[in-house]
Amino acid sequence: MVVVGTSVGFFLFFEVSSKGDKISLLTEIKEKSIQGSVTCLATDKKDSIICVGDSAGNCIIFDCQEIQNLKIANISRFSLSQNSVTCICMWKDFVITSYSHGVISIYDINQDCHLLDIHAHARYINSLDVCKDLLVSSGEDCFFRVWQTQD
């Protein structure tokens, strides 16, 4: 399954054949908690949770266990900024989001709470990635930064 977000806030669900030679649209869903356009998507390693960022600064976390029935349950929604969410990545039970004003936020899914903000870049953050215990960010300020993560 492939999920794509659109500029009008829809999710498009595609099914890819086992050979990879056919892609078909299963459905499109308009989720009312998404405001504006979908700017980024991320899933956990088990593909059981999908996180969606939008242009209004919201991050919505969905349970994908029922995705085969095309029912997505809204687990949590948080808005830490009025700036657009630019990137999302998942690390363990945390959602790491970046914003267009250069801030990285970390949210604990299990505790359903915002943990911290990092004023990481002077401008728009272009990318985030986690490898083992390192978080890497790059921004329009022409810097990339490496952050040590801990439980």
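Scroll up for the structure.
This is a predicted model, so every value here is computed, not measured.

Parameters and conventions
- Residues numbered from 1 in each chain as written.
- Predicted model: local features only at pLDDT ≥ 70, side-chain atom pairs only at ≥ 80, totals over all residues.
- Heavy atoms only, no water.
- Pairing = 2+ DSSP bridges.
- Helix = DSSP H or I, 4+ residues; strand = E, 2+ residues; numbered from the N terminus.
- Axes fitted to C-alpha atoms, helices over the stretch in contact; angles between N-to-C directions.
- Buried < 20%, exposed > 50% of the residue type's maximum accessible area, 1.4 Å probe, protein only.
- Contact = heavy atoms within 4.5 Å.
- Polar contact = N/O pair within 3.5 Å; in protein donor to acceptor, adjacent residues only side chain to side chain.

Visitor: An account of the sheet that holds strand β10 (residues 103-108) is needed here, citing residue identities and associated values.
Guide: One open sheet accounts for four strands, arranged β8-β9-β10-β11; its pairing is antiparallel. Bordering the open sheet on either side are β8 (85-91) and β11 (113-119), each of which pairs with just one other strand. The average angle at which neighbouring strand axes cross in this sheet is 20 degrees, direction not considered. In this sheet, β11 lies alongside β10 in antiparallel orientation, the contact comprising six bridges. Bridge pairing in β11 places Ile106 opposite Leu116.

Visitor: Account for the environment of Ile109, naming residues and giving values.
Guide: With respect to the helices, strands and loops of the structure, Ile109 is situated in the loop between β10 and β11. A residue is classified by how much of its surface remains accessible, and Ile109, at 15% relative accessible area, is buried. In the structure, Ile109 is positioned 48 residues away from Ile61 in sequence and 8.5 Å away in space, judged by C-alpha atoms. With sequence-adjacent residues up to four places away left out, Ile109 is seen in contact with Ile49, Ile61, Met90, Asp93 and Val95.

Visitor: Tell me what's going on with the side chain of Thr97, and back it up with residues and numbers.
Guide: Its location among the elements puts Thr97 in strand β9 (residues 94-99). Reaching out from Thr97, the side chain makes a polar contact with the side chain of Tyr99 at a distance of 3.2 Å.

Visitor: Kindly report on the environment of Gln148, identifying the contributing residues and their values.
Guide: Looking at the element boundaries, Gln148 is found in strand β14 (residues 144-148). When the C-alpha positions of Gln148 and Leu134 are compared, they lie 4.9 Å apart, and in sequence the two are 14 residues distant. Only 2.6 Å separates the side chain of Gln148 from the side chain of Asp133, close enough to count as a polar contact.

Visitor: Describe in detail the side chain of Ser137, supporting the description with residues and values.
Guide: Mapping Ser137 onto the fold places it in strand β13 (residues 134-139). Side-chain polar atoms of Ser137 contact the side chain of His121, separated by 2.8 Å. Engagement of the side chain of Ser137 in a polar contact is seen with the side chain of Trp147, the distance being 3.2 Å. Beyond its immediate stretch of four places on either side in the chain, Ser137 contacts Ile104, His121, Ser127, Leu128, Phe143, Phe144, Arg145 and Trp147.

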